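# Tertiary structure, described
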Amino acid sequence: MCGGLMISYEPLWETMDKKGISTYTLINQHGINPRTINNLKHSKSITMHTLERLCKILNCTPNEIVRFEEK
């Protein structure tokens, strides 16, 4: 049983900032659903497919998108 882990997308925002990619770009140039962006902003879960797409778009690893933190 997990001891209360929380999803953090702080690495995503840092990676996007470093690469100069905005949420507008993800939505309008790469077809990421605005609802997905909303989920990311509110630390909700995303699918592995979305994680893979973000990794490809940002040319990065999953560790540069998400981390799990103790609550």
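Structure's up top.
Described below are features of the structure shown in this document. Once a new chain begins, its residue numbering starts again from 1 and follows that chain's sequence as written. Confidence filtering applies because this is a predicted model: local features only for residues at pLDDT of at least 70, side-chain atom pairs given and counted only at 80 or more, and all residues used for totals across whole chains, interfaces and linings. Side-chain metrics in this entry use all non-hydrogen atoms of the structure; hydrogen atoms and water are not considered.

Think of it this way: any DSSP run of H or I at least four residues long counts as a helix, any run of E at least two long counts as a strand, and we number them from the N terminus. Of regular secondary structure, the protein possesses 4 helices and 2 strands. Counting helices and strands in the order they occur from the N terminus, the protein gives β-α-α-α-α-β. Counting only C-alpha atoms and orienting by the principal axes, one finds that the protein spans roughly 40 × 25 × 20 Å. Within the protein, buried positions represent 32% of all 71 residues. Any pair of residues with heavy atoms lying within 4.5 Å of one another is described as a contacting pair. In the protein, the proportion of contacts linking residues at least 24 apart, taken out of those at least 6 apart, comes to 66%. If you sum the accessible surface of the protein, you get close to 4900 Å²; carbon and sulfur atoms cover 51% of it. In this tally, Asp and Glu contribute negative charge and Lys and Arg positive charge; neither His nor the terminal groups of the chain are included. Charged side chains are reduced to one point each, which is NZ for Lys, CZ for Arg, CG for Asp and CD for Glu. With 9 positive and 7 negative side-chain charges, the protein shows a separation of 9 Å between the mean positions of the two kinds. Residue exposure (1.4 Å probe, protein chains only): buried if accessible area is under 20% of the type maximum, exposed if over 50%, otherwise partly exposed. Here the Shrake-Rupley method, with its probe set to 1.4 Å, supplies the accessible areas, and only the displayed protein chains count as covering residues.

What follows covers the pattern of salt bridges. Opposite charge on two side chains makes pairing possible when the charged atoms of those side chains draw close. Any carboxyl oxygen of Asp or Glu that lies within 4 Å of a side-chain nitrogen of Lys or Arg is treated as forming a salt bridge with it. For the structure on display, the rule yields 2 salt bridges. One salt bridge connects E52 with K56, and the closest N-O pair in it is separated by 3.4 Å. A residue pair is termed a helical-turn pair when its members lie 3 or 4 positions apart in one helix, as E52 and K56 do in helix α4 (residues 48-58) at 4 residues. Exposure remark for E52: the relative accessible area of 43% places this residue in the partly exposed category.

For this analysis, a nonpolar core means a set of buried residues of the types Ala, Val, Leu, Ile, Met, Phe, Trp, Tyr and Cys, connected via side-chain atoms within 4.5 Å. Grouped together as the largest cluster of nonpolar side chains are 17 residues, with contacts concentrated most on Y9, L12, L26, L58 and I65. Per-element accounting of this core gives the leading share, 5 residues, to α4. When residues no more than four places from it in sequence are discounted, the contact partners of I65 are S8, Y9, P11, L12, L51, L54, C55 and C60.

A few words on the side chain of S8. Relative to the helices and strands, S8 is located in strand β1 (residues 5-8). A relative accessible area of 9% places S8 in the buried class. One polar contact links the side chain of S8 to the main-chain amide nitrogen of E10, over a distance of 3.2 Å. Any pair of nitrogen or oxygen atoms within 3.5 Å is treated as a polar contact; in protein, a donor-acceptor pairing is required on top of that, and neighbouring residues in sequence qualify only through side-chain atoms on both sides.

We now examine the side chain of T36. Residue position: T36 is located in helix α3 (residues 34-41). Setting aside its immediate chain neighbours within four residues, T36 contacts I46 and T50.

Before going further, it helps to examine α4. Those residues of α4 not exposed but buried are T50, L51, L54, C55, I57 and L58. All buried residues of α4 project into a common sector of 165° when viewed along the axis, lining one side. Turned more than 90 degrees from where α4 packs its buried face, M48, H49 and K56 sit exposed. Residues of α4 that are buried sit in contact with α1 (10-19), α2 (23-28) and α3. Here the arc refers to the directions that run from the helix axis out to each C-beta atom.

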